[in-house]
Amino acid sequence: MRVLFADFIRSEIGGGHMVLARLANRFAGDPAKGVTPLVFVNDMGRFAERFLDEGVARTMFRFPGSLRKVDRRSGPLAAAVLLARLTPFLVSFTIRLTRLCVRERIDLIHANGMTMLALAVLPSLLSRAKLVFHMHDALLTEEEGGNMSRGGRNALLFLAGRFASAVIANSDFVREAAVTADDRLASKTVTIHNGVEETSPEPLRAGAPGDGLKMLSFGRLVPEKGFARGLEAVAILKGRYGIDVEYSILGVGPDSDRLSGLAASLGIADRVRLPGFVDDVRRWIAETDVVLVPSLWQEPFGLTVIEAMACGRPVIATRVGGIPEIVTEGEDGFLIDPCNAAEEAAARVAALAADPALGSRMAACAAETAGRLFTMDVMAGRVASLYASLAAEA
């Protein structure tokens, strides 16, 4: 089956984009799965060069800056005005993508994310390629703790329900949110958890005598990721437990300056590192003792969680969204209350510091869980099976 993996990167490369790259790489490197991938993406942040293997065919497209202004929170009037401005681009994009699908004999368009679903509907109809919508975010309105307007959500539900042959949700939480909003999606929406590359767990770090603990978080630097709670946990560990922790937060985003200022005001600036975006996250995980995922919003899945677990590191994560589908409390990690994240994170780190054997057991269990349930081979196999079932329906 010839599959076009279509994606739109608005500004920064996120977990959903990385999943698409890994999926295309896996299919290109494993012909036995019966999928020939072609990636269609805008080259924001040199995405194709950095994350696609050389053997993966790709076609790049450009987009107008106004497309970045598409906001899930926009009301119908604002959305209509923006749509009118984008009409010339939408026409040319539709023609180009349709011609590409016909020329390359594409059987199925794998639309990665909400924007690409909307952009791919007409080309899929014109080229007669099946359409699969890969849903990386919960379709929740702002009133429900999400970031969509009710009109925007209804439009996405209509497109998915009417035109998608199947919908992939990256967690049961995301699937349940979509089906609750529109029960017509129940029969075509399947949960396929994200995966990471198969790897051997990293040996636990052997710190020097007197060396403090190292804690790591990574992701986009925005308030809803909760990294401020991580800084507060470091201050609590220092003041209440007498435990010295070096805390690194990897990523870029608008919250960077605020986090730096908070670290200074808490008196822990010398124990905090904000190196920005890094390609080799695994190296940083290998050099840490525990990974903290302090998200305050309804995290759709939690790719950072399985990346840490695959490396054999205990995870402390908030009990939000899809994360409880990954972490089993007290076995391969700790789940904490997002409303009391700093206090509970500090207590869990203190427990690990007091009982190194506990950390070792959790690390081993985390690696086993990731290797059994959350590998790219498992994910690609399930996606390939879905494609095959759709092909059989033709």
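Thresholds, definitions, all that
Residues numbered from 1 in each chain as written. Predicted model: local features only at pLDDT ≥ 70, side-chain atom pairs only at ≥ 80, totals over all residues. Heavy atoms only, no water. Helix = DSSP H or I, 4+ residues; strand = E, 2+ residues; numbered from the N terminus. Expected span 1.5 Å × (residues − 1). Buried < 20%, exposed > 50% of the residue type's maximum accessible area, 1.4 Å probe, protein only. Axes fitted to C-alpha atoms, helices over the stretch in contact; angles between N-to-C directions. Parallel < 35°, antiparallel > 145°, perpendicular 65-115°, else oblique. Left-handed = near helix turned anticlockwise from the far one by under 90°. Contact = heavy atoms within 4.5 Å. Nonpolar A, V, L, I, M, F, W, Y, C, P; charged D, E, K, R; others polar. Phe/Tyr/Trp six-rings, centres within 6.5 Å; stacked < 30°, edge-to-face > 60°. Lys NZ or Arg CZ within 6 Å of the ring centre and 35° of its normal. Right-handed = clockwise from strand over helix to strand, strands pointing away. Core = buried A, V, L, I, M, F, W, Y, C linked by side-chain atoms within 4.5 Å. Patch = residues over 30% accessible without salt bridge, like charges linked within 9 Å, V, L, I, M, F, W, Y side chains within 5 Å. Areas by Shrake-Rupley, 256 points an atom, 1.4 Å probe, with all protein chains shown as cover. Salt bridge = Lys/Arg side-chain N within 4 Å of Asp/Glu carboxyl O. Pairing = 2+ DSSP bridges. Polar contact = N/O pair within 3.5 Å; in protein donor to acceptor, adjacent residues only side chain to side chain.

**Q** Account for helix α11 (residues 341-354), naming residues and giving values.
**A** Taking 1.5 Å per residue, 14 residues should reach 20 Å; α11 reaches 20 Å between its end C-alpha atoms and fits that length. Every buried residue belonging to α11 is among A341, A342, E344, A345, A346, V349, A350 and L352, and all of these are buried.

**Q** Lay out the packing of helix α7 (residues 227-241) against α11 with the relevant residues and their values.
**A** Any two packed helices are characterised by how steeply their axes cross, that is the angle between the axes, and by the distance between the axes. Two numbers describe how α7 lies on α11: the axes approach to 8 Å, and their chain directions differ by 55°. The angle between the axes of α7 and α11 places the two elements in the oblique class. Viewed along their axes, α7 and α11 form a crossing whose handedness is right-handed. Together, R229, E232, A233, I236, L237, R240 and Y241 of α7 and A341, A342, E343, A345, A346, A347, V349 and A350 of α11 make up the contact between the two elements. Split by residue class, the contact of α7 with α11 holds 11 nonpolar, no polar and four charged.

**Q** How would you sum up the packing of aromatic side chains? Please name residues and give values.
**A** All told, the structure shown has nine aromatic pairs when counted by the stated rule. By the ring-pair criterion, three or more aromatic residues cluster together here, those being F40, F61, F89 and F93. In this structure, R348 packs its charged tip against the face of F334, placed 5.7 Å from the ring centre.

**Q** Let's hear about the pairing of strand β4 (residues 108-112): which residues, and what values?
**A** Counting buried residues along β4, five of its five residues qualify, which places the element largely inside the surrounding structure. Burial of β4 is two-sided: the residues L108, H110 and N112 facing one way and the residues I109 and A111 facing the other way are all buried. For the crossover from β4 across helix α4 (residues 114-127) to strand β5 (residues 130-135), the handedness is right-handed.

**Q** Tell me what's going on with the nonpolar core, and back it up with residues and numbers.
**A** If you look at the biggest cluster of nonpolar residues, it comprises 100 residues, and the most contacted ones within it are L4, F5, F27, I109, F133 and V305. If one sorts the elements of this core by residue count, helix α13 (residues 376-393) sits on top with eight residues. Core analysis: the next-biggest nonpolar cluster, separate from the first, contains 32 residues, L221, I236, I243 and I268 among them.

**Q** Could you give an account of a nonpolar patch on the surface, naming the residues involved and the relevant values?
**A** Taken together, L122, L125 and L126 make up a surface patch of nonpolar side chains, about 290 Å² in accessible area. Of note, L125 is situated in helix α4. Residue class for L125 comes out partly exposed when judged on its relative accessible area of 48%.

**Q** For the sheet that holds strand β13 (residues 333-336), give the residues involved together with the corresponding values.
**A** Strand order in the open sheet formed by six strands is β10-β9-β8-β11-β12-β13, with parallel pairing between adjacent strands. For this open sheet the edge positions go to β10 (272-276) and β13, each flanked by a neighbour on one side alone. Across the sheet, the axes of successive neighbouring strands diverge by a mean angle of 20°, strand direction being ignored. Taken together, the two bridges between strand β8 (residues 213-218) and strand β11 (residues 290-293) define a ladder with parallel strand orientation. If you follow L216 over to β11, its bridge partner there is V291. Along the sheet, helix α10 (residues 303-310) makes contact with β8, β11 and β12 (315-318), crossing β12 at roughly 165°.

**Q** An account of the side chain of R22 is needed here, citing residue identities and associated values.
**A** Mapping R22 onto the fold places it in helix α1 (residues 15-29). A distance of 2.9 Å separates the side chain of R22 from the side chain of E307, its partner in a polar contact. Once residues within four sequence positions are removed from consideration, R22 is found in contact with G195, V196, E197, L303, E307 and M376.

**Q** Any details on the sheet that holds strand β7 (residues 189-191)? Residues and values, ideally.
**A** Reading across from one edge, β3-β2-β1-β4-β5-β6-β7 is the order of the seven strands in this open sheet, with parallel pairing throughout. Single-partner strands in this sheet number two, and they are β3 (57-60) and β7. Strand after strand, the sheet turns through a mean of 20° between neighbouring axes, direction not considered. Pairing of strand β2 (residues 36-41) with β3, which is carried by four bridges, proceeds in the parallel orientation. Across the sheet, the residue bridging to F40 is T59, located in β3. Here α1 sits on the sheet in contact with β1 (2-7), β2, β4 and β5, set at roughly 160° to β1. Against the sheet, α13 engages β1, β4, β5, β6 (166-169) and β7, with an angle of about 170° to β6.

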